[in-house]
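Below, each chain spelled out in residue letters.
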Amino acid sequence: NYWNAASFVTSSSYLHFSTFQGETSADISFYFKTSASDGVFLENLGNTDFIKLELKSATEVSFSFDVGNGPVEIIVRSPNQLNDDQWHRVNAERNVKQASLQVDQLPLEVRKAPTEGHTRLELYSQLYVGAAGGQRGFLGCIRSLRMNGVTLDLEERAKVTPGVKPGCSGHCTSYGMYCANGGKCVEKYNGYSCDCSKTAYDGPFCIKDVGAFFEEGMWLRYNFRSPGTSIKDLVSRTLLSSTDPEITVPDLNLNKEELSFSFSTTKSPCVLLYISSYTQDFMAVLVKPSGNLQIRYSLGGTKEPYNIDVDHRNMANGQPHTINITRNGRDIVLQLDHYPPTSYSLPTASDIQFNSPKALFLGKVIEIGKIDQDIYKYNTPGFTGCLSRVQFNQIAPLKAALRPTNASSHVHIQGELVESNCGASPLTIPPMSAATDPWHLDSASADFPYNGQAIGDGVNRNSAIIGGVIAVVIFTILCTLVFLIRYMFRHKGTYHTNEAKGAESAESADAAIMNNDPNFTETIDESKKEWLI
């Protein structure tokens, strides 16, 4: 119903429906999109009564009706153009007390009904959506037309009506931004969809991470060319090339690459990702024994690989971490998690082309030929943890392994690959500036509370505060225990009676009472008197 729409291609086009039953209450809402400056949205007539909604000008929407007391018109004026080929919402209501009109989020226009007079809207003609009675009809698209809670089937009626087409075009113009993470908006006659095939994400809007859990010794290899095809195969070249056309070069030699993924692990050292080639070129992302991250580039021209060491952060802490690496020629930009990007540059002697990439490995490197000694050393026993949304240019190896796609034939897996989002990086952590980041190398000038300095007696202030709180709690508990003990011993084995004083030395209980109460004898004497009646 939300995308039930019709396109009016001529100013005389219209759709007709049965008479609108809105005698005492009318509630009309719809969306429209147009580049025309005026036109009638809909109209329904009676003998003298009528109801009509129209675009009066490029900035005005009108709601008019007559229930027998004379025509009433409500106009909403917009500060912006309404014929901008974007979606706008109209909501018109009428009852026996008042009528109102609202366009988008503009202020609601209200008109009170007269206290006396007619209240029933009596209509007899058909309901016309578009041109009616020789008036200039609406040019553009109307969707989700609801009248008193009922959605009119514009599409079905448009299929058999000349001058009107079912559905709308141009949805991607208004909603294409919802296709995230490089997803491509695909136009449909009744809406749009997001093509996530060139991304490492899934879901309707390309926002669901696709990841997996790797057990020890497990690995995944993605071959950049299918078995039996040439390295110059155009299909492979399209897969490997980035969305940037400059990255596509002859023979799959890359001047640029874009790599992004997230991971979590508690084991180090390990190889997170490795890209081999048919030459000696390679690229690797490693976790060193200390838990620090290292990126290695070997593109030829130098004796040793170029290393980027991130020594001020422990990446093997079990938390999700995000890595984004972009290389353009000699320039490399690295971004970790939500921290600001850091720029690096390959040595002057280094080549800037990644020659003939062969395969991408996740978890472990199983490659024929010579392998860098440190990578070989870190390769055992292998990565244990989670990898998510791995993407190298337009290649998403994990997604190709977990989703049946045309690229699935490029994937080889050793072990059982279990889908999981445990490596997905949380998006709720705000970025930290260099001035406030305690892990930043240049943060020596930042002001941190006490900066770890000891207070006067050599005890850290935080420890002093905690110790004071504990002391107060202990003192309160001791005081409570002392009070309870005193109260219990005071009442233990004792009871109170109303026994008269001096009872211990009296011969009998009566004597004790008389000794204690002098008036008692008078009471006895009074009771012994006799009366004769």
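Residues numbered from 1 in each chain as written. Predicted model: local features only at pLDDT ≥ 70, side-chain atom pairs only at ≥ 80, totals over all residues. Heavy atoms only, no water.

- As recorded in an unreviewed UniProt entry, the protein chain goes by the name Contactin-associated protein-like 2, listed as coming from Spheniscus mendiculus.
- The record held by UniProt for the protein chain lists under Sequence similarities (unreviewed entry) the comment "Belongs to the neurexin family."
- Checking UniProt for the protein chain, the heading Subcellular location (unreviewed entry) contains the comment "Membrane". (UniProt positions renumbered as here; feature names shortened; annotations may be inferred.)

### Considerations on the environment of G176
Piece 1. One can find G176 in the loop between α2 (171-175) and β15 (184-188).
Piece 2. Here the alpha-carbon distance between G176 and F205, two residues 29 residues apart in the chain, equals 9.7 Å.
Piece 3. When near neighbours in sequence (up to four residues on either side) are disregarded, G176 contacts H171 and C185. (Helix = DSSP H or I, 4+ residues; strand = E, 2+ residues; numbered from the N terminus. Contact = heavy atoms within 4.5 Å.)

### A few points about the sheet that holds strand β32 (residues 418-419)
Piece 1. Overall, antiparallel pairing links the seven strands, which are arranged β28-β27-β26-β21-β30-β19-β32 in an open sheet. Among the strands making up the open sheet, the edge pair consists of β28 (342-345) and β32.
Piece 2. With six bridges connecting them, strand β21 (residues 256-265) and strand β30 (residues 385-392) associate as antiparallel partners. Paired with L259 across the two strands is F392, which belongs to β30. (Pairing = 2+ DSSP bridges.)

### Notes on the pairing of strand β3 (residues 26-33)
Piece 1. Within β3, seven of the eight residues are buried, which leaves the element mostly enclosed by the surrounding structure.
Piece 2. As defined by bridge partners, β3 adjoins strand β8 (residues 88-94) across seven bridges and the pair is classed as antiparallel. Counted as the bridge partner of F30 is V90 from β8.
Piece 3. Here five bridges tie β3 to strand β12 (residues 140-147), and the two strands are oriented antiparallel to one another. (Buried < 20%, exposed > 50% of the residue type's maximum accessible area, 1.4 Å probe, protein only.)

### Brief notes about the pattern of salt bridges
Piece 1. By the definition in use, this model includes 11 salt bridges.
Piece 2. The closest approach of N and O atoms between E257 and R327, which form a salt bridge, is 2.3 Å. Placement of the pair is E257 in strand β21 and R327 in strand β26 (residues 321-328), with a sequence separation of 70 residues.
Piece 3. Judged by relative accessible area, which is 1%, E257 ranks as buried.
Piece 4. Since its relative accessible area comes to 1%, R327 is described here as buried.
Piece 5. In this structure, D309 engages K288 in a salt bridge whose closest nitrogen and oxygen atoms are separated by 3.4 Å. Here K288 lies in the loop between β23 (282-287) and β24 (293-298) and D309 lies in strand β25 (residues 306-310), a separation of 21 residues in the sequence. (Salt bridge = Lys/Arg side-chain N within 4 Å of Asp/Glu carboxyl O.)

### Here we look at the packing of aromatic side chains
Piece 1. Tallying each qualifying case throughout the model produces 14 aromatic pairs.
Piece 2. Note on F214 and F383: the rings are 6.1 Å apart at their centroids and 65° apart in plane angle, and the pair reads as edge-to-face. Placement of F214 in strand β19 (residues 211-214) and of F383 in the loop between α4 (373-378) and β30 is noted, with a sequence separation of 169 residues between them. With respect to burial, F214 and F383 carry one shared label: buried.
Piece 3. Counting every residue linked through ring pairs, the aromatic cluster contains F8, F30, F32, F41 and F138.
Piece 4. A cation over an aromatic ring shows up here: R143 above the ring of W87, its NZ or CZ 4.3 Å from the ring centre.
Piece 5. In this structure, R157 packs its charged tip against the face of F17, placed 4.7 Å from the ring centre. (Phe/Tyr/Trp six-rings, centres within 6.5 Å; stacked < 30°, edge-to-face > 60°. Lys NZ or Arg CZ within 6 Å of the ring centre and 35° of its normal.)

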